[in-house]
Amino acid sequence: MTENTALVTRNGLTWLLIAQALAIFPLLFYLPWWTLGLWLGCAVWRIQIYRMKFNYPNKIIKVGLIVIIGIGIYFTRGTVLGLEGGLALLVAAFSLKLIELKTKRDALVILYIGFLVVTSLYLYDNSFAWVSYSLLPIVTLMAALIGLNQIKLAIHPLATMKLATILLLQAIPLMLVLFFFFPRLDPLWTLPMPKKQQTTGVSNKMTPGEIANMTKSSELVLRATFTDGNIPPRNKLYWRALTLESYNGRTWSQAWDVEYSIGREPSWRAIPNNRDETSYNIIMQPSSQTWVIALDTAQTLPNQVARLADFHLERNKPIDTVYSYQLTSTFNALKEPDRTPRTNINQQLPVNNSDPRARAFGEELRKTYQGNTSQIVDALLKRFHNEPYHYTLNTPDLGQNSVDAFFFDTKRGFCEHYASATTFILRAAGVPARVILGYQGGEINTAGNFVQVRQFDAHAWVEYWEQGKGWVTIDPTFQVAPSRIERGLNEALSEEEQAQTGNNALIGYGADSILTKLRMGWENFNNEWDIFISSYNSDQQRGILQRLFGKTNLTYLGVLLVIGIILITAIWMLLLFKPWKREQDPVLRYYQQFEKLLATHGIRREIGEGPTDFALRAMQALPNYQKQIKAFHEAFIAQQYAGQNSLDILKQALKAFRKALPWKKKITG
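Residues numbered from 1 in each chain as written. Predicted model: local features only at pLDDT ≥ 70, side-chain atom pairs only at ≥ 80, totals over all residues. Heavy atoms only, no water.

**Topic: the overall build of the chain**
Here comes step 1: Helices and strands together make up the secondary structure of the chain, namely 24 helices and 20 strands.
Here comes step 2: Computed over its C-alpha atoms, the radius of gyration of the chain comes to 35 Å, more than 25% above the 26 Å expected for a compact globule of 669 residues.
Here comes step 3: Dimensions of the chain along its principal axes, counting C-alpha atoms only, are 120 × 65 × 50 Å.
Here comes step 4: Buried residues in the chain amount to 47% of all 669 residues.
Here comes step 5: Counting only contacts in the chain whose residues sit at least 6 apart along the sequence, the fraction spanning at least 24 positions is 72%.
Here comes step 6: Summed over its atoms, the accessible surface of the chain is roughly 34300 Å², and 59% of this surface lies on carbon and sulfur atoms.
Here comes step 7: Counting 68 positive and 53 negative side-chain charges, the chain places the centres of these two groups 13 Å from one another. (Helix = DSSP H or I, 4+ residues; strand = E, 2+ residues; numbered from the N terminus. Rg over C-alpha atoms; globule rule 2.2 N^0.38 Å. Buried < 20%, exposed > 50% of the residue type's maximum accessible area, 1.4 Å probe, protein only. Contact = heavy atoms within 4.5 Å. Areas by Shrake-Rupley, 256 points an atom, 1.4 Å probe, with all protein chains shown as cover. Lys, Arg positive; Asp, Glu negative; His and termini not counted. Charge placed at Lys NZ, Arg CZ, Asp CG, Glu CD.)

Here's what the structure looks like:
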């Protein structure tokens, strides 16, 4: 029986089952529910095979199981292809392989699939918590590998786990060198983001009620750390994601020409002698979208990011992983002070003559103020402030003419209702206007002094255009619920509506409570993790090279990588061979090597045991090698105690003994 066809030991099978359970468990949140039952069934079957109560499945059963699993994946995932279908197939194969597990080679295949399964976890989550957890199945898989070899040390499960942990710790220095200095090149292909990881954040359209629904999500959108440590006041924290310029009577959306405006940046400039700007770093969570969130108006843009004609920032590929970027924004920038052909887009109203009362009201404003833009805007905002408008999540059904119903009848709405009505009426009054979609405010993390923005901070506001002033930002919601802008969403809602959002469990505790402080500390730690680990990319790698060498190219990166690997290898060699403990006497050095050879096969010299007694015990334990042991022992005695010059004989005896012993194989008498 060869090494690879040897039967799997009990210790190896135990670690194998534990490793499978640990690797599959976190994926159950993303896989069909029946995959857990499949693995449990296969595990029980394999245990019964080991107890000789079940037989191995025949070919008919194997084919039947494969067909059933394929059908199951198709009906629960809609396909057997793609990332999620492929992952389900991988885990199914990982489980099924158990019931045809016979030899050590079969077990090795399962373990190698196991490492692949653990790696797939990172497709869904690469936070500190998930990465920390993944070390557990990795160590267990390594323990299973040790268990399969069944050396004497590995018979004891705790000793096996200890050895696996030591091996993993020894790999950490090399892992760090590869992580920081292995060239981070763009992938040749990309995988679609798993559905479970896709966020429910703002989309490129806005229909009444959509933003209100987002208040039920506390999912993190971004964290922003300001360079000088001074966080701007909340009423300046308008995080722009998209600009919506088209309206069909029900839904606001992006203008058709925006996606073709890359490379034709709109004009803007900071106001001389009155610069109001801030620099900050954003850690944006995966969104599967291409737009980049920023405070208005961003100056120098990150790599692969462009400013489009409507002033929103767009990346050349979707944000599928944690994305870090540095920006400086000018709050009081002058944006397109002169009229452009695109300005006309922002005066268009639906051709279906929807919302006739709002149209008439806008026309009335235009006539009353004789087309004076500032006076028209002020009059509209004063109406929101003075009339009994109410800021609420619970808005009634507005019917077909939603602007009319909200503005004249119900007067109850969320931010999208106020932004939509304001933009519509301004256009009806002849003022170019558009809806801005993004997030407003955010929570200040006192542990790390940064702002964290969540989905429930989603907000819509308005930009209108005036000759000489360009695009001016206004927020009609502020006129109705200033506490929403100044203190956050919860402060603007009733207690009943706060409970309705379900966010009190996260932010409902006081700032001084222990739970809030613990949460802040944990989120601060995760922010540091995202900055230094999750978002580490080629830009940051180039930054390290720039600081070390003043230049950034692959040559320096390669030099650093090689130096790091050589340095770590040298340290490993020193720790492994311990030259400072090397015996200077060549006779004793040969004897130490003799002892090590026997120790690898479980025969160790006891304290106080003489060379002759040790040699006799070794010959009893390894009767097939008595001749070699005896030859070495006699040469050692002659050299060490009889004063004979037999060093060469001793060396040859050791060499013959080493050559006779099988490599990494348990010796049986």
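So, next bit.
**A short note on the UniProt feature "domain: Transglutaminase-like" (unreviewed entry) in the chain**
Here comes step 1: Here, UniProt's "domain: Transglutaminase-like" (unreviewed entry) annotation points to residues 407-478.
Here comes step 2: Secondary structure across residues 407-478 divides into 29% helix and 44% strand, with the first and last C-alpha atoms of the span separated by 16 Å. (UniProt positions renumbered as here; feature names shortened; annotations may be inferred.)

**Re the side chain of His633**
Here comes step 1: Tracing the backbone shows His633 in helix H23 (residues 626-640).
Here comes step 2: Excluding its chain neighbours within four sequence positions, the residues that come into contact with His633 are Pro611, Thr612 and Ala615.

**Re the nonpolar core**
Here comes step 1: Residues Trp239, Ile293, Tyr391, Phe407, Leu426 and Tyr439 are the most contacted members of the largest nonpolar core, which totals 75 residues.
Here comes step 2: With 7 residues, the top contributor of residues to this core is helix H12 (residues 415-428).
Here comes step 3: With residues near it in sequence (within four places) discarded, Leu426 still touches Ile376, Val377, Leu380, Val431, Ala433, Tyr464 and Ile474. (Core = buried A, V, L, I, M, F, W, Y, C linked by side-chain atoms within 4.5 Å.)

**Brief notes about the sheet that holds strand S12 (residues 323-330)**
Here comes step 1: Ordered in space as S12-S7-S2-S18-S17, the 5 strands form an open sheet in which the pairing is antiparallel. Two strands close off the open sheet at either side, each with one partner strand: S12 and strand S17 (443-445). Pairwise comparison of adjacent strand axes, ignoring direction, gives a mean angle of 30° for this sheet.
Here comes step 2: Here strand S2 (residues 220-226) pairs with strand S18 (residues 450-454) via 4 bridges, running antiparallel. In the strand pairing of S18, Arg223 is matched with Gln452. (Pairing = 2+ DSSP bridges. Axes fitted to C-alpha atoms, helices over the stretch in contact; angles between N-to-C directions.)

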